[in-house]
Structures are given as C-alpha cells and as structure tokens.
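Coordinate inspection notes
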Amino acid sequence: QKEVEQNSGPLSVPEGAIASLNCTYSDRVSQSFFWYRQYSGKSPELIMSIYSNGDKEDGRFTAQLNKASQYVSLLIRDSQPSDSATYLCAVNRGNNDMRFGAGTRLTVKP
Amino acid sequence: EAQVTQNPRYLITVTGKKLTVTCSQNMNHEYMSWYRQDPGLGLRQIYYSMNVEVTDKGDVPEGYKVSRKEKRNFPLILESPSPNQTSLYFCASSSLGWETQYFGPGTRLLVL
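Notes on the structure follow. Quick caveat: nothing in here was measured; it's all calculated off a predicted structure.

1. Comments concerning the overall build of chain B
Looking only at helices and strands, chain B features 0 helices and 11 strands. Counting from the amino terminus, chain B carries its helices and strands in the arrangement β-β-β-β-β-β-β-β-β-β-β. A globule of 112 residues ought to have a C-alpha radius of gyration of about 13 Å, and chain B, at 13 Å, matches this closely. Along the longest, intermediate and shortest principal axes, the C-alpha atoms of chain B span 40 × 30 × 25 Å. Relative to its full complement of 112 residues, chain B shows a buried share of 49%. Across chain B, every contact between residues at least 6 apart in sequence was considered, and the portion connecting residues at least 24 apart equals 54%. Here chain B has roughly 5400 Å² of accessible surface; of this, 52% comes from carbon and sulfur atoms. Of the side chains in chain B, 12 bear a positive and 10 a negative charge, and the two mean positions are spaced by 7 Å.

Right, dumping it as structure tokens:
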C-alpha cells in the first residue's frame, strides 16, 4: 500500500462545476497535509495546507481533513479552464518525512 | 525576485559519468530538499537539509550525495549515474520546516 494514494484520473469537469479531488494516507501519525498544483512542464506550487479536522476555505478552494478516516480532499468551486493541472496531495509524517501522492490530473472543459 | 534556481535544466549523460546538479535559493531558507518525480510514483524525497552542514536521507537516497556548505546552495551529486536515475529532479526550499516549500524549475536527466 502506498503511503499517499490518489486517483490518477483524468478527472474531467465542465467549466463552472465543482471539482472534487481525494487523497488517502496510511500513516496515522501524519501531522500536516498539503495540496500542490502542478501545471504540465512546471514545478509544483502550494495552494492549500490543513492541519486539523474539518474544512479550510481559501477563495474557490476548500480543503477537508478527516484524520479518523485518514482522508484529505480538495474541492474547487466554479472550476475554470486555468485550473486544469495535476494536483498533488502531500503528507508530513513528522521527522521531516514528506510523502507525496502520484497526483490527479484535472481537466476543466470550457 | 524570490526564487529557487537549478542548473542544468536538461542533461543527457552516460552511465558512470559523475555529474552535479546545482540548486540555489535567495530566500535565506533553512530547509532545502531534493525530490525526483517519476510517472505513477509522484515526488519522492531524496535528501534534505535543515541547515548548513546538516543533511539527512529521504525516501530514496541510494546513488545520490548532497552537501550543504552554504545556506543558499544545496547541490545534488550522482557519483556513478545509472539508467534508473533517469528522472525529473526538483530542488525545494522552505523556512519554518516543510510548511511552504518553494520548488525550483526542475532538471530533466537522461542517463544512457
């Protein structure tokens, strides 16, 4: 079992819809959780971080964390074609041990 | 402009020929890290450094070396590259731990 698992996609949504990206992790001691966006041929950039159970909203993005279920998700409201990218889930397991998922490719169709 | 730079951006080499990929950041960050990215495997941490002269192994350190003699630089050294080290490499830096990592533009390496 991979430490951080994501559906590779591609996930395709129409413009204006809500895109829902999911991530599960295996290590219960994981402390902090991140979502990175990576455009094709570019480097990852941090878009959200979340540390405690519940929801965290930032503009059109909402991160959700459920530590009991070992589940992290990212919702993108009013999806735009510019949101088309690969989204990487990352988990800090403590002791400087960062683990990334393989990413979910999102396509937003005009 | 705050940035992480890597050189070279593209490199084709042959098995066994030593190479160094440089990484430099201008944000005075304490933490620096190297990752490799492979299809289906995501980003995997190779080595990281929490400060000058402090380095430690990440998830996949075999075949790699690093050094941190200056705060701004964190070179990745492949003493004897092999084809299984063909990958896309990213350097990253952050302050206050790993909470916000800034990634360099990446170095695409092909080992023949």
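2. Some words on the pairing of strand β3 (residues 19–25) of chain A
Residues and elements named next belong to chain A. By the alternation rule, side chains of β3 split into Ala-19, Leu-21, Cys-23 and Tyr-25, which are all buried, and Ser-20, Asn-22 and Thr-24, of which none is buried. Sheet topology note: the strand β1 (residues 4–6)/β3 ladder contains 3 bridges and is antiparallel. Bridging across to β3, Gln-6 finds its partner in Cys-23.

3. Some details on the sheet that holds strand β3 (residues 19–25) of chain B
All names here are of chain B. Reading across from one edge, β1-β3-β8-β7 is the order of the 4 strands in this open sheet, with antiparallel pairing throughout. Looking along the sheet, the strands with just one partner apiece sit at the ends: β1 (4–7) and β7 (65–66). Pairing of β3 with strand β8 (residues 76–78), which is carried by 3 bridges, proceeds in the antiparallel orientation. Looking at β8, one finds that Leu-19 is bridged to Leu-78.

4. Thoughts on the pattern of salt bridges
Under the defined criterion, the tally for this structure stands at 12 salt bridges over all chains. Across the pair Asp-27 of chain A and Arg-93 of chain A runs a salt bridge, and its minimum N-O distance is 3.7 Å. Here Asp-27 of chain A, found in the loop between β3 and β4 (32–38), pairs with Arg-93 of chain A, found in the loop between β9 (85–92) and β10 (98–100); they are 66 residues apart in sequence, far enough to count as distant. Given the relative accessible area of 21%, Asp-27 of chain A is considered partly exposed. Its salt-bridge partner being Glu-57 of chain A, residue Arg-77 of chain A comes within 3.5 Å of it at the nearest N-O pair. In this pair, Arg-77 of chain A is assigned in the loop between β8 (71–76) and β9 and Glu-57 of chain A in strand β6 (residues 54–58), connecting sequence segments 20 residues apart. Owing to a relative accessible area of 61%, Glu-57 of chain A belongs among the exposed residues under this scheme. Among the charged side chains, a salt-bridge network with shared partners connects Glu-3, Asp-27, Arg-93, Asp-97 and Arg-99 of chain A together with Asp-59 of chain B.

5. Looking at the nonpolar core
Core analysis: the biggest nonpolar cluster contains 23 residues, and Trp-35, Val-72, Leu-74, Ile-76 and Tyr-87 of chain A have the highest contact counts within it. Put simply, the parts of the chain that give this core at least two residues each are β3, β4, β5 (45–50), β7 (61–66), β8, β9 and β11 (104–109) of chain A. In this structure, Leu-74 of chain A is in contact with Ala-19, Ser-20, Leu-21, Trp-35, Ile-47, Met-48, Phe-61, Thr-62, Ala-63 and Tyr-87 of chain A, ignoring residues within four places of it in sequence. Residues Ile-46, Val-60, Leu-78 and Tyr-89 of chain B belong to the second largest nonpolar core, which totals 19 residues.

Quick notes on the rules
- Residues numbered from 1 in each chain as written.
- Chains lettered and ligands numbered in written order.
- Predicted model: local features only at pLDDT ≥ 70, side-chain atom pairs only at ≥ 80, totals over all residues.
- Heavy atoms only, no water.
- Helix = DSSP H or I, 4+ residues; strand = E, 2+ residues; numbered from the N terminus.
- Rg over C-alpha atoms; globule rule 2.2 N^0.38 Å.
- Buried < 20%, exposed > 50% of the residue type's maximum accessible area, 1.4 Å probe, protein only.
- Contact = heavy atoms within 4.5 Å.
- Areas by Shrake-Rupley, 256 points an atom, 1.4 Å probe, with all protein chains shown as cover.
- Lys, Arg positive; Asp, Glu negative; His and termini not counted.
- Charge placed at Lys NZ, Arg CZ, Asp CG, Glu CD.
- Pairing = 2+ DSSP bridges.
- Salt bridge = Lys/Arg side-chain N within 4 Å of Asp/Glu carboxyl O.
- Core = buried A, V, L, I, M, F, W, Y, C linked by side-chain atoms within 4.5 Å.

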